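If you want the building blocks of each chain, they are given just below.
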Amino acid sequence: MAYMTMTASSQSLHFFNFASSQECITVRSCFKLTPFKNCHGANLNLPSLGEVNCHLKLGSLPYKKNSVSPRSTRTVAQIVTERENGRAVGFDFNDYMRSKAEAVDKALDKAIPLEYPEKLHESMRYSLLAGGKRVRPALCIAACELVGGTQDVAMPTACAMEMIHTMSLIHDDLPCMDNDDFRRGKPTNHKVFGENTAVLAGDALLSFAFEHIAVATSKAVSSDRILRVISELGKTIGSQGLVGGQVADISCEGDSSVDLKTLEWIHIHKTSVLLECSVVSGGILGGATEEEIERIKRYARCVGLLFQVVDDILDVTKSSEELGKTAGKDLLTDKATYPKLMGLEKAKEFAAELASRAKKELSCFDPVKAAPLLGLADYIAFRQN
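All of these numbers come straight from a predicted model, not from anything done at the bench.

Undergrad: Just to check I follow, could you spell out unusual backbone geometry for this structure?
TA: Peptide bonds are, in most cases, trans, and in most cases residues other than glycine have a negative phi. A cis amide bond, omega -5 degrees, links Tyr116 with the succeeding residue Pro117. Along the polypeptide, Pro117 turns up in the loop between α2 (93-111) and α3 (118-128). Positive phi values are uncommon outside glycine, yet Asn179 reaches one of about 55 degrees. Accessibility expressed as a relative area gives 41% for Asn179, which makes it partly exposed. For Arg184, which is not a glycine, the phi torsion comes out positive at approximately 55 degrees. Note that Arg184 resides in the loop between β4 (182-183) and β5 (186-187).

This is the structure in structure tokens:
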């Protein structure tokens, strides 16, 4: 197998040729995430994920339309509870994700109301408000809070990331692309509204995402920062980003000559770039230094690839009912995947390595403020759908 020539640390992968900024002295985390006794019987059997003890409750987050509670506006500092001895901090990751998902759902519902033409807006809202883990908005908000910003400052951009992500899902599911009938356990957009409306709903979400950042971001944020975020998002979506990765992915279907370097390029551009953009944009809005931006960008690159590696693993180990979408599609279309090129066990090892590297990039930050991003790395590593 192609992977046999590589070490477990995957040093030969092009992705790890990043020029690292000056390494910080490793800071052992002074917090631990709230453990859960019940893991619903699900286990990816990933190797140890590094120094931080992060046991997450598995399974997707519940979605309640228009459900908003006071916790939706809570900050990291409010969710984190310091122990009396000052040496340890408890952090409830699921509580954090629920609070952010509720706040994002409320903001999305408000941003795109049901108006004329009703069918178009129904189609947009059908996919946008269909639930989901809201990982990209959470990354954006967490990165902003990490460097001293607030949820309110990050929210319009966080919503824009979810709009772009939803657009990509609507278009990916079309018969001319992945031809999927289900998404998040529901019929895909084109199955409900027709292909023509689904295409246009995706287009509308794409264009509105940029408008929303420009119009809804707090006036307290400088125009230079807003312009930089818009520029980052445009680059993320284009021919050297999400769209380019999608085209390369389609072109490589059934091609037995695809190697790990090509596969990595595809997934960095198809999957990782939007996660990167979410984190980088949050950092920019929060006033991060250039060094901090580079460090959280490398964190997000690791997390983005981790997301795809786990996605490939789940595709061959879970059922359609468990995933909420059609399982085994990669095998049917003979797509290059990490389990296919590395083998399932090596793919799991690679996932563990990526999670560990992601955490190390955050070692210089305040561990309390970094708790959500550290938790997200493990959440992605252990997700089950």
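Undergrad: What's the story with helix α16 (residues 367-382) in this structure? I'm lost.
TA: The end-to-end C-alpha distance of α16 is 21 Å, a good match for the 22 Å that 16 residues give at a rise of 1.5 Å each. Along its length, α16 reaches its greatest deviation from straightness, about 25 degrees, at Leu373. With 14 of 16 residues buried, α16 lies mostly within the body of the structure. The opening residue of α16 is Asp366, an N-cap whose side-chain oxygen sits 2.9 Å from the backbone nitrogen of Val368.

Undergrad: What is the right way to look at the pattern of salt bridges in this model?
TA: Note on pairing: side chains with opposite charge can pair once their charged atoms come close. On inspection of all chains with the given rule, the structure shows 18 salt bridges. For Arg228, the salt bridge is made with Glu290, and the minimal N-O distance between the two is 2.8 Å. One end of the pair, Arg228, is in helix α8 (residues 223-237); the other, Glu290, is in helix α11 (residues 290-317), and 62 residues separate them in sequence. Its relative accessible area of 31% is what places Arg228 among the partly exposed residues. Given a relative accessible area of 46%, Glu290 falls into the partly exposed group. Here Lys359 makes a salt bridge to Asp378, at a shortest N to O gap of 3.2 Å. Of this pair, Lys359 sits in helix α15 (residues 344-360) while Asp378 sits in helix α16, and the two are 19 residues apart along the sequence. Among the residues examined, Asp378 registers a relative accessible area of 1% and is labelled buried. A cluster of three or more residues bridged by salt bridges with shared partners is formed by Asp105, Arg134, Glu162 and Arg184.

Conventions adopted
Residues numbered from 1 in each chain as written. Predicted model: local features only at pLDDT ≥ 70, side-chain atom pairs only at ≥ 80, totals over all residues. Heavy atoms only, no water. Helix = DSSP H or I, 4+ residues; strand = E, 2+ residues; numbered from the N terminus. Buried < 20%, exposed > 50% of the residue type's maximum accessible area, 1.4 Å probe, protein only. Expected span 1.5 Å × (residues − 1). Bend = angle between axes of the 7 residues up to and from the residue. Polar contact = N/O pair within 3.5 Å; in protein donor to acceptor, adjacent residues only side chain to side chain. Salt bridge = Lys/Arg side-chain N within 4 Å of Asp/Glu carboxyl O.

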